[in-house]
Every structure is written in C-alpha cells, then in structure tokens.
Amino acid sequence: MKSDIHPRYYDDAKVICSCGNTWTTGSTRPEIRVELCSTCHPFFTGQQRIVDSAGQVERFHRRFGLTSEGSEASDAATAEIAEATAG
Ligand SMILES: [Zn+2]
C-alpha cells in the first residue's frame, strides 16, 4: 500500500442505534450513529412502526378525526375539508 494516502481504519468502530442497540464493526470512523438497525427495523421485527419525528402522522390523525377523541375532531375536519374544496 502506498503510504500516507489511506485513512485510519478502526477495527472496533462502535455502531450506536437510536433504539439503544450497539455493536462493533470495521470502519474509517471510530463511532457511527444510526437511526435504524436490524433489531428495530420493521422488516426484521414484523411490526408496523412509523418513524415520525416531526409529528406528521399525529397531525394527520388530529386533522381528519381518526383519534379516539370523538366527533368534535371529525366535525372540524369535515368543515376544514368543505372549506378547502369550496375555494
Ligand atoms: Zn435499532
């Protein structure tokens, strides 16, 4: 290998997932932070889980009355839809 052109290789680079799972791998970076891993990804867990950091799913449910709060939310949503389609 040519000298002084290769990055430093870490044999024990630590990977840290947002779910708390950690493992070691080889990398040119000493620490890697990931949002999803094979322990928590829906493909591997078989459970549906939406990564919703911005609260967009909750906002959708609130807006279109899909929550358990009752008719008040759906009345507001209906009015909002009518308002949106009228213009
Ligand atoms: Zn994970």
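Think of each chain on its own: its residues are numbered from 1, step by step along the sequence as written. Since the coordinates come from a predicted model, pLDDT governs what is reported: local features require at least 70, and pairs of side-chain atoms require 80 or more to be given and counted, while whole-chain, interface and lining totals use all residues.

Let's shift gears to the overall build of the chain. A run of DSSP states H or I qualifies as a helix once it reaches four residues; a run of E qualifies as a strand once it reaches two. Both are numbered from the N-terminal end. For the chain, the helix and strand inventory stands at three helices and three strands. The secondary structure elements of the chain, listed N-terminal to C-terminal, are β-β-β-α-α-α. The 87 residues of the chain split such that 0% are buried. Partitioning the contacts of the chain with sequence separation of at least 6, the portion at a separation of at least 24 is 0%. Using C-beta atoms placed from the backbone, we call a residue buried if 20 or more other C-beta atoms fall within 10 Å of its own, exposed if 12 or fewer do, and partly exposed for counts in between. A pair of residues counts as a contact when their C-beta atoms, built from backbone coordinates, are separated by no more than 7 Å.

With that out of the way, let us pick up the environment of Leu 36. The topology assignment puts Leu 36 in the loop between β3 (31–34) and α1 (42–45). With 16 C-beta atoms packed within 10 Å, Leu 36 lands in the partly exposed category. Each residue touching Leu 36, except ones within four places of it in the same chain, is listed here: Cys 17 and His 41.

Two strands qualify as a pair provided that DSSP identifies no fewer than 2 bridges between them. An order of β2-β1-β3 is seen for the three strands of this open sheet, with the pairing classed as mixed. Because the sheet does not close on itself, it has two edges, and the strands there are β2 (22–27) and β3. Sheet twist, expressed as the average angle between the axes of neighbouring strands with direction ignored, equals 35°. Summarising the sheet, strand β1 (residues 10–17) and β2 pair through five bridges and their orientation is antiparallel. For helices, the fitted line uses only the C-alpha atoms of the stretch in contact; every axis is such a line through C-alpha atoms, and the angle between N-to-C directions lies from 0 to 180 degrees.

The next point concerns helix α2 (residues 56–63). With zero of eight residues buried, α2 lies mostly on the surface of the structure. Gly 65 sits one or two residues past α2 and shows a positive phi near 65°.

A few words on the environment of Thr 28. Assignment of secondary structure puts Thr 28 in the loop between β2 and β3. C-alpha of Thr 28 to C-alpha of Asp 11: the two residues are 17 residues apart in sequence and 8.5 Å apart in space. Not counting chain neighbours up to four residues away, the residues in contact with Thr 28 comprise Pro 7, Arg 8, Tyr 9 and Tyr 10.

It is generally the case that most residues other than glycine have a negative phi and that most peptide bonds are trans. Of note, the phi angle at Asp 4 is positive, near 65°, even though the residue is not glycine. Mapping Asp 4 onto the fold places it in the segment before β1. Exposure remark for Asp 4: the 4 C-beta atoms within 10 Å place this residue in the exposed category.

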